[in-house]
2 protein chains.
Amino acid sequence: MKSETILEQAALHCESRGRKLTAKRRQVLAGLVKSQKALSAYDLADYCRDKLGTSLLPTSVYRILEFLESLGLVHRLNTANKYVACAHVTCDGANEIPQFLICQSCGSVKEIGITKSFVQGLSQAVEKVGFHLANNQLELECLCADCVVQQGGVQ
Amino acid sequence: MKSETILEQAALHCESRGRKLTAKRRQVLAGLVKSQKALSAYDLADYCRDKLGTSLLPTSVYRILEFLESLGLVHRLNTANKYVACAHVTCDGANEIPQFLICQSCGSVKEIGITKSFVQGLSQAVEKVGFHLANNQLELECLCADCVVQQGGVQ
DNA sequence: TTGACGAATGATACAATGTAACATTTTTTT
DNA sequence: AAAAAAATGTTACATTGTATCATTCGTCAA
Ligand SMILES: [Zn+2]
Ligand SMILES: [Zn+2]
Ligand SMILES: [Zn+2]
Ligand SMILES: [Zn+2]
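Everything quoted here is computed from the prediction, not taken from an experiment.

So, the interface of chain B and chain A
And then number 1: Tallying the contact residues gives 28 residues for chain B and 27 residues for chain A.
And then number 2: Summing both sides of the interface, chain B and chain A together bury roughly 2500 Å²; the carbon and sulfur share of this comes to 72%.
And then number 3: When the area that chain B buries against chain A is broken down by residue, the three leading residues are Phe131, His132 and Glu141 of chain B, summing to 26%.
And then number 4: The interface formed by chain B and chain A includes zero salt bridges.
And then number 5: Applying the counting rule to chain B against chain A returns ten residue pairs in polar contact (both at pLDDT 80 or more).
And then number 6: A total of six residues in the side of chain B that touches chain A trace back to one element, the largest contributor, which is strand S6 (residues 138-144) of chain B.
And then number 7: For the side of chain B that touches chain A, the class distribution of residues is 18 nonpolar, eight polar and two charged.
And then number 8: Looking at chain direction, strand S5 (residues 131-133) of chain A and S6 of chain B are connected through three bridges and run antiparallel.

Below, the structure is given as structure tokens:
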């Protein structure tokens, strides 16, 4: 999908919530959308400086990421300390609980929708030992197809 | 289980691999075992200074944690940037792939053994979208029973 | 006993990630 | 135009992590 289309959809998504996708916010989101992988806040600050020639301090990037995340436009990957554009910006309703497959070799991320029954099973297993599942987002350390090949196949 | 017992078992575990549980390593492991929760490397350096009166620099703590992890005596929690003592030090064989339930409120951690069939299902789902599961360790954001009560029950 | 060697730890410096607090600018509303 | 709210800038600092070299400690052989 064309990144311009995604950004337009994101802008509409913001409007519909009474928020604005400002120029800076659009820059950050565009950086994530175009890179197709997970980036740190500092990566994104560098991106704005190097590729766009605009200055954007890391503190601002953090604020903007927080904003984008609150609207479900990006996700924070806790295991990687990085952020990715939501893969479902354009298919509005599908904005459910995400699972992330993160390639440990190249950083590419696949966001897959969660299976309801799978989460239920997980949640029940957790309750059984006296805990309560507070966040259904899963992050799985993976290798993408390309990197599996490069590293000599699956063992 | 008494922490002295655990430390003795850990020492034996090291010996059986031709490694040594030195005084410093024992201090770090003891800190994790006694605290019953996840601690950062800097937390552990503070622990050694404040509670034991011994000096142990963070760089050394990192090295020691790396050592302990290589022997399966501690685990690193990637979502929290913290470390926990393995709950299965004393039941040697049970040292399988762990799942961690991490209370987001108090930091207590429950390490549960993984269900083989669960992992298989997960692994297959991942393969289906062209990725390969590289690490079975799951970390789940939870609330422990105590903290659920304190925070007014489950929503 | 001593010297050599490797393992373990100390020490210094720095990189990367993240947050708090306050100032300034921009936009919107009145 | 003035006031209020939203967005961004700026500074300072806290936390987590790594790289590199120096020193100490334990072991073993000459
Ligand atoms: Zn998403
Ligand atoms: Zn890859
Ligand atoms: Zn364990
Ligand atoms: Zn708790």
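Okay, back to it.
Notes on the coordination of the zinc ion (ligand 3)
Angles at a metal have ideal values that depend on geometry: 109.5 degrees with four tetrahedral donors, 90 or 180 degrees with six octahedral donors.
All names here are of chain B.
And then number 1: Protein coordination at the zinc ion (ligand 3) comes from His75 (NE2), Cys86 (SG) and Glu111 (OE), with a distance range of 1.9 to 2.1 Å.
And then number 2: Here the donor residues of the zinc ion (ligand 3) share one chain and are spaced in sequence as H-x10-C-x24-E. Taken together, the positions of His75 in strand S1 (residues 74-77) and Glu111 in strand S4 (residues 109-113) put the pair 36 residues apart, joining distant regions of the chain.
And then number 3: Given a relative accessible area of 9%, His75 falls into the buried group.

Topic: the sheet that holds strand S4 (residues 109-113) of chain A
And then number 1: In space, the four strands of this open sheet follow the order S4(A)-S3(A)-S6(A)-S5(B), with mixed pairing throughout. The strands lining the two open edges of the sheet, one partner per strand, are S4 of chain A together with strand S5 (131-133) of chain B. Within this sheet the neighbouring strands show an average axis-to-axis angle of 40 degrees, counted without direction.

Some thoughts on the protein's contact with DNA strand D
And then number 1: For DNA strand D, the set of nearby residues contains 19 residues, the closest of which are Thr22, Thr59 and Arg63 of chain A together with Tyr42 and Arg76 of chain B.
And then number 2: Within the side chain of Thr59 of chain A, a nitrogen or oxygen atom sits 3.4 Å from a base oxygen of DNA strand D.
And then number 3: One of the side-chain N or O atoms of Tyr62 of chain B is found 2.9 Å from a phosphate oxygen in DNA strand D.
And then number 4: Where the surface near DNA strand D is concerned, the elements lending two or more residues are helix H2 (23-35) and helix H4 (58-70) of chain A together with helix H4 (58-70) of chain B.
And then number 5: Looking at which element gives the most residues to the surface near DNA strand D, the answer is H4 of chain A, with four residues.
And then number 6: Within the surface near DNA strand D, the residues separate by chemical class into five nonpolar, seven polar and seven charged.

Considering the relation of the copies chain B and chain A
And then number 1: Mapping chain B onto chain A calls for a screw motion: a turn of 180 degrees about the axis and a shift of 0.0 Å along it, with 0.1 Å RMSD after fitting. As the rotation angle and translation indicate, the two copies are arranged about a two-fold axis. Proximity to the rotation axis, assessed at the C-alpha, singles out Thr79 of chain B in chain B; its C-alpha lies 2.3 Å from the axis.
And then number 2: Both copies share a contact surface, since 96% of the interface residues of chain B are interface residues in chain A too.

Quick word on the pairing of S1 of chain B
All names here are of chain B.
And then number 1: Relative to strand S2 (residues 82-85), S1 runs antiparallel, the two sharing four bridges. Paired with Leu77 across the two strands is Lys82, which belongs to S2.
And then number 2: From the end of S1 to the start of S2, which pair antiparallel, there are four residues, and Asn81 there has a positive phi angle of about 55 degrees.

Some thoughts on empty space enclosed by the protein
Over the atoms, a rolled probe matching the size of one water molecule traces out where space is still vacant.
And then number 1: All told, the structure shown has one cavity of 30 Å³ or more when counted by the stated rule.
And then number 2: The space that makes up the largest cavity amounts to roughly 130 Å³.
And then number 3: Contributing to the lining of the largest cavity are 13 residues, with Thr79 and Glu139 of chain A together with Thr79, Leu138 and Glu139 of chain B lying nearest its centre.
And then number 4: Contributing elements (two or more residues each) for the lining of the largest cavity: strand S6 (138-144) of chain A together with S6 of chain B.
And then number 5: Of the residues contributing to the lining of the largest cavity, the split by class is two nonpolar, seven polar and four charged.

Some points on the domain arrangement of chain A
Residues and elements named next belong to chain A.
And then number 1: The domain architecture assigned to chain A consists of domain 1 (3-85) and domain 2 (96-150).
And then number 2: Once you take the C-alpha centre of each, domain 1 and domain 2 turn out to be 23 Å apart.
And then number 3: At the interface, eleven residues of domain 1 touch ten residues of domain 2.
And then number 4: Of the roughly 730 Å² buried between domain 1 and domain 2, counting both surfaces, carbon and sulfur atoms make up 53%.
And then number 5: Considering only the side of domain 1, the residues that lose the most area to domain 2 are His75, Leu77 and Thr79, jointly responsible for 52% of the buried surface there.
And then number 6: For the interface between domain 1 and domain 2, the tally reads zero salt bridges.
And then number 7: At the level of elements, strand S1 (74-77) and strand S2 (82-85) are the ones that each hand at least two residues to the side of domain 1 that touches domain 2.
And then number 8: Of the residues forming the side of domain 1 that touches domain 2, the biggest block, three residues, is contributed by S1.
And then number 9: Here the residues of the side of domain 1 that touches domain 2 are counted per class, giving five nonpolar, four polar and two charged.

The rules behind the values
Residues numbered from 1 in each chain as written. Chains lettered and ligands numbered in written order. Predicted model: local features only at pLDDT ≥ 70, side-chain atom pairs only at ≥ 80, totals over all residues. Heavy atoms only, no water. Contact = heavy atoms within 4.5 Å. Buried area = accessible area lost by both parts, 1.4 Å probe. Salt bridge = Lys/Arg side-chain N within 4 Å of Asp/Glu carboxyl O. Polar contact = N/O pair within 3.5 Å; in protein donor to acceptor, adjacent residues only side chain to side chain. Helix = DSSP H or I, 4+ residues; strand = E, 2+ residues; numbered from the N terminus. Nonpolar A, V, L, I, M, F, W, Y, C, P; charged D, E, K, R; others polar. Pairing = 2+ DSSP bridges. Donors = N, O, S within 2.8 Å, 3.2 Å for Na, K, Ca; no water. Buried < 20%, exposed > 50% of the residue type's maximum accessible area, 1.4 Å probe, protein only. Axes fitted to C-alpha atoms, helices over the stretch in contact; angles between N-to-C directions. Near = heavy atom within 4 Å. Least-squares fit on C-alpha atoms with pLDDT ≥ 70 in both. 1 Å grid on protein atoms, 1.4 Å probe; cavity = no way out; pocket = protein on both sides within 12 Å on 5 of 7 lines; lining within 4 Å. Points joined across faces, edges and corners; volume = space filled by probe spheres on them. Domains from an automatic or database assignment.

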